[in-house]
Amino acid sequence: MTVILYIHGKGGSATEAEHYMAIFPRAAVISIDYKSSSPWETGREITACVEKLKRQYDDVVLVANSIGAFFSMNGELDGLVKKAYFISPIVDMEKLIVDMMTWANVTEAELQAKGTIFTEFGEDLSWEYLNYVRTHPFSWNVPTQILYGREDKLTSLATMEKFAEMHSAKLTVMEKGEHWFHTEEQMEFLDNWIMTN
């Protein structure tokens, strides 16, 4: 039997997994509410969950949203997950952090000196986080499908295309899609994308 493991994005919750029960009627669908917010801690949480599921099910299929995909790729899941569906994944966290530093007018020297800087747009900038991302490139060799919205403001299409090419992932672009897939039209597109891939 197959189990679908859903990993939510920032501000999301495990209850979002309920949406995927109708899409995967022959599989068990579960999710976890990870307790941490760093890639090194959350990656370990996800790995532990997948290892447990592998003892109970034949196959584990991952559905991960936004930063949930980034955390999953930090979980060393090669060989444990049969397939992955990434929805608006964060695939270049270093670039995103550097972009946010630009938005907040924060230099690397300032961030290194202060350790953590709080921004007006609600994202904490962390030197420890940035340094970890730079020194721990992830290895990802899981067969992966990516859904990307052309109006995504966090990751450029060029960045997504580069990641897809490097990791032999299949990229699907929704012209009217945003980073957060939430409108009726976007969710219908998302559902069809999963069911046809």
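Residues numbered from 1 in each chain as written. Predicted model: local features only at pLDDT ≥ 70, side-chain atom pairs only at ≥ 80, totals over all residues. Heavy atoms only, no water.

1. Describing helix α1 (residues 39-56)
Part 1 of the reasoning: Its 18 residues give α1 an end-to-end C-alpha distance of 26 Å, which sits within 8% of 26 Å, the value for a rise of 1.5 Å per residue.
Part 2 of the reasoning: Where α1 is concerned, the buried positions are Pro39, Trp40, Thr42, Gly43, Ile46, Thr47, Cys49, Val50 and Leu53. (Helix = DSSP H or I, 4+ residues; strand = E, 2+ residues; numbered from the N terminus. Expected span 1.5 Å × (residues − 1). Buried < 20%, exposed > 50% of the residue type's maximum accessible area, 1.4 Å probe, protein only.)

2. Some remarks on the side chain of asparagine 65
Part 1 of the reasoning: Looking at where asparagine 65 falls in the secondary structure, it is placed in strand β3 (residues 59-65).
Part 2 of the reasoning: In this structure asparagine 65 touches Tyr6, Ile7, His8, Gly9, Glu16 and Ile87, once residues within four positions along its chain are discounted. (Contact = heavy atoms within 4.5 Å.)

3. So, the packing of aromatic side chains
Part 1 of the reasoning: Counted under the stated rule, the structure contains eleven aromatic pairs.
Part 2 of the reasoning: Between the aromatic rings of tyrosine 34 and phenylalanine 71, the centroid separation amounts to 5.4 Å while the plane-to-plane angle is 80 degrees, which identifies the pairing as edge-to-face. On the criterion of sequence distance, the pair formed by tyrosine 34 in the loop between β2 (28-31) and α1 and phenylalanine 71 in helix α2 (residues 67-73) is long-range, its members being 37 residues apart.
Part 3 of the reasoning: Ring geometry for phenylalanine 70 and phenylalanine 71: centres 6.1 Å apart, planes at 45 degrees, overall tilted. (Phe/Tyr/Trp six-rings, centres within 6.5 Å; stacked < 30°, edge-to-face > 60°.)

4. Concerning the pairing of β3
Part 1 of the reasoning: Within β3, six of the seven residues are buried, which leaves it mostly tucked inside the rest of the structure.
Part 2 of the reasoning: As defined by bridge partners, strand β1 (residues 2-7) adjoins β3 across six bridges and the pair is classed as parallel. By the bridge assignment for β3, isoleucine 7 is matched with alanine 64.
Part 3 of the reasoning: Chirality of the crossover, the property in question, places the unit of β3, α2 and strand β4 (residues 83-87) among those that are right-handed. (Pairing = 2+ DSSP bridges. Right-handed = clockwise from strand over helix to strand, strands pointing away.)

5. Things to note about the side chain of threonine 144
Part 1 of the reasoning: Summarising the element assignment, threonine 144 is placed in strand β7 (residues 144-149).
Part 2 of the reasoning: Look at threonine 144 and you get buried, because its relative accessible area is 5%.
Part 3 of the reasoning: Beyond its immediate chain neighbours, meaning those up to four positions away, threonine 144 contacts Ala84, Phe86, Ala169 and Lys170.

6. Topic: the nonpolar core
Part 1 of the reasoning: Ranked by internal contacts, the top residues of the largest apolar core, which has 46 residues, are Leu5, Leu62, Phe86, Met93 and Trp140.
Part 2 of the reasoning: Formed by 19 residues, the second largest nonpolar core is a distinct cluster that contains Ile87, Phe181, Leu190 and Ile194. (Core = buried A, V, L, I, M, F, W, Y, C linked by side-chain atoms within 4.5 Å.)

7. Here's the deal with the pattern of salt bridges
Two side chains carrying opposite charge are able to pair once their charged atoms lie near each other.
Part 1 of the reasoning: One pass over the full model with this rule turns up six salt bridges.
Part 2 of the reasoning: The closest approach of N and O atoms between glutamate 108 and arginine 134, which form a salt bridge, is 2.6 Å. With glutamate 108 in helix α4 (residues 108-114) and arginine 134 in helix α5 (residues 127-135), the pair connects residues that are 26 residues apart, well separated along the chain.
Part 3 of the reasoning: In this structure, glutamate 175 engages arginine 150 in a salt bridge whose closest nitrogen and oxygen atoms are separated by 2.7 Å. A residue pair is termed long-range when its members are at least 10 positions apart, and glutamate 175 in the loop between β8 (170-174) and α7 (184-196) and arginine 150 in the loop between β7 and α6 (157-166) qualify at 25 residues.
Part 4 of the reasoning: Its relative accessible area of 40% is what places arginine 150 among the partly exposed residues.
Part 5 of the reasoning: The network of salt bridges with shared partners includes Glu94, Glu108 and Arg134. (Salt bridge = Lys/Arg side-chain N within 4 Å of Asp/Glu carboxyl O.)

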